Amino acid sequence: MGKVTGFMEIERIEEGYKPVKERLKNYDEFVIGLDDKQAKDQAARCMDCGTPFCNNGCPVNNIIPDFNELVYQSDWKNAIDVLHSTNNFPEFTGRICPAPCEAACVVNLNGDAVGIKSIEHAIIDKAWNEGWVVAKPAKHKTGKKVAVVGSGPAGMAAAQQLARVGHDVTLFEKNDRIGGLLRYGIPDFKMEKSHIDRRAKQLEAEGVTIRTNVMVGELPKGSKVTNWATETITPAQLQKDFDAVLLTGGSEQSRDLPAPGRDLAGIHFAMEFLPQQNKVNGGGKVKDQLRADGKHVVVIGGGDTGSDCVGTSTRHGAAGVVQFEVMPMPPEHENKPLVWPYWPLKLRTSSSHDESAEKGLLKREFAISTKEFVGENGKVTGVKTVRVEWKDGKMVEVAGTEEIIKADLVLLAMGFVNPVATILEGFGVEKDARGNAKATTEFTGGYATNVPKVFAAGDIRRGQSLVVWAIREGRQAARSVDEFLMGASDLPR
């Protein structure tokens, strides 16, 4: 597993970034990946730990010590084969996964974790450059038809697995291009959409039929969920036309903030703001695009989506950005002996935060709550806030701390509560207590809903989560669908 003493001799190398001044001029990716020697040196840091906790820290159970060893031996061709054996799209995870595998790395217990994500990134980029990523169409067709509804990472992974064992797969997407939140949500500067386009071509070469601009079911009246469909298909029609249906739509219902003044103009969900920029970057047109140019922007929500709003607002040319988080500021460094190998709570500063801070635009506020939106002539002009403390698990306002923060544009980035209810109701799928599709992950019969031949996987089943969890569930659900159709399955789980 790499060089036995490598973790003691070689320091962790972080991937590089292009200068802020350069990267703020466009929406291109700006991460500078490891070169072959750097990747080999980083792989050498993988210690012979006996029990590789990184495997279980990774939701798709990547065989991390094995591909590290292969990179250390410069056997890149076998490294990508090992990586692809568990992960259909490592170029996605190598760019936007937060890398729980690194949190679980044994070296991380009292040092700097092996740069697993950067090594994964290097492997897949080299594989594409060398032409090793090719279509793998099925040798024999089963005659079975499967509809996959939702083309995010869960749907793409499931469609690919099912097509490779010979099923006729149709992948449905309500927007104009596949990719789900990867396409219309993740900023291009974090992941350029050419990576999705290459995989779309691969899926089609493997026999997947891709149907975009098709809404399966219906959205509630007045829904803010992105929907550019020009055609509608009923759930009943889909169930009639296909031998199995797999629902892999996202958890798209954004969490709202029903404070007084919420109806003022200039207050929007992050998922109204971000998809529009993605579409424009892709050459599309958006009527009345939301822009942050010259505006004082308030982002409510301290997670990744909020960070994406910060980075996009900075590129627009915002006059200033304030980001709210209702929870207290976490520690800069975690207590590793206490939390390892689990995902730690600690202060995370993204590249978008660094960019805005370097420009003198960003102010991050913790332990702050929104009391009211204030405005003039029907437009938001500020956010009334109050400082809070957490006592016995309850939020308590701190007296005398109210203030109004100037705002021309407010972006609500507080996560997602559940899938759109009308979609599940259209199929008659039973929901769990959180409003997600109710389905287990059992080895046999997993991902099946209460409706015959209808399955569910990804965020629509588990709730808002990571791209790597979506890929895992798409793969596992594909096996269950294949087993349902054929009586048995050779697909990996």
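Residues numbered from 1 in each chain as written. Predicted model: local features only at pLDDT ≥ 70, side-chain atom pairs only at ≥ 80, totals over all residues. Heavy atoms only, no water.

Bringing the nonpolar core into the picture now. Grouped together as the largest cluster of nonpolar side chains are 65 residues, with contacts concentrated most on Phe67 and Ile123. Filtering out sequence-adjacent residues up to four positions away, Phe67 remains in contact with Asn62, Ala79, Val82, Leu83, Ile116, Ile119 and Ile123. One finds Phe172, Leu238, Phe427 and Val451 within the second-largest nonpolar core, a separate group that totals 18 residues. (Core = buried A, V, L, I, M, F, W, Y, C linked by side-chain atoms within 4.5 Å. Buried < 20%, exposed > 50% of the residue type's maximum accessible area, 1.4 Å probe, protein only. Contact = heavy atoms within 4.5 Å.)

The strand order across the open sheet formed by five strands is 5-4-3-8-20, and the pairing between neighbours is parallel. Among the strands making up the open sheet, the edge pair consists of strand 5 (209-211) and strand 20 (454-456). The average angle at which neighbouring strand axes cross in this sheet is 20°, direction not considered. Two strands pair when backbone bridges link them, and strand 3 (residues 145-149) and strand 4 (residues 168-172) are joined in this way by five bridges, in the parallel orientation. Paired with Val148 across the strands is Leu171, a residue of strand 4. Contacts between helix 19 (residues 467-486) and the sheet are confined to strand 3, strand 8 (244-247) and strand 20, with strand 8 contributing the most and set at about 165° to the helix. (Pairing = 2+ DSSP bridges. Helix = DSSP H or I, 4+ residues; strand = E, 2+ residues; numbered from the N terminus. Axes fitted to C-alpha atoms, helices over the stretch in contact; angles between N-to-C directions.)

Consider a sheet: its strands pair through backbone hydrogen bonds, and that pairing is either parallel or antiparallel. Pairing is parallel in the open sheet, where five strands are placed in the order 10-18-11-12-13. In this open sheet, the two edge strands, each paired with only one partner strand, are strand 10 (267-269) and strand 13 (362-366). Neighbour-to-neighbour, the strand axes of this sheet turn through a mean angle of 20°, independent of strand direction. Direction of pairing for strand 11 (residues 296-300) relative to strand 18 (residues 409-412): parallel, over a ladder of four bridges.

Counted according to the given criterion, the structure contains 32 salt bridges. Note that Arg387 and Glu365 form a salt bridge whose closest N and O atoms lie 2.7 Å from each other. With Arg387 in strand 15 (residues 379-391) and Glu365 in strand 13, this pair connects stretches of sequence that are 22 residues apart. Overall, Arg387 belongs to the partly exposed group, its relative accessible area being 23%. Judged by its relative accessible area of 7%, Glu365 falls in the buried class. The partner of Lys438 in a salt bridge is Glu430, with the nearest N and O atoms 3.4 Å apart. When salt bridges with common partners are traced through the structure, they connect Lys363, Glu365, Arg387 and Glu403 into a single cluster. (Salt bridge = Lys/Arg side-chain N within 4 Å of Asp/Glu carboxyl O.)

What follows concerns the layout of surface pockets. Think of a ball as big as a water molecule: rolled over the atoms, this probe shows where empty space is left. Counted as a void, the second largest pocket has a volume near 300 Å³. Along its surface, the second largest pocket is lined by 19 residues, and Asp81, His84, Ser85, Lys136 and Arg164 are the ones closest to its centre. Listed by contribution, the elements that provide at least two residues to the lining of the second largest pocket are helix 6 (76-84), helix 10 (153-164) and helix 11 (194-205). The biggest single contributor to the lining of the second largest pocket is helix 6, with four residues. Within the lining of the second largest pocket, the residues separate by chemical class into seven nonpolar, six polar and six charged. (1 Å grid on protein atoms, 1.4 Å probe; cavity = no way out; pocket = protein on both sides within 12 Å on 5 of 7 lines; lining within 4 Å. Points joined across faces, edges and corners; volume = space filled by probe spheres on them. Nonpolar A, V, L, I, M, F, W, Y, C, P; charged D, E, K, R; others polar.)

These figures come from the coordinates and say nothing about function on their own.
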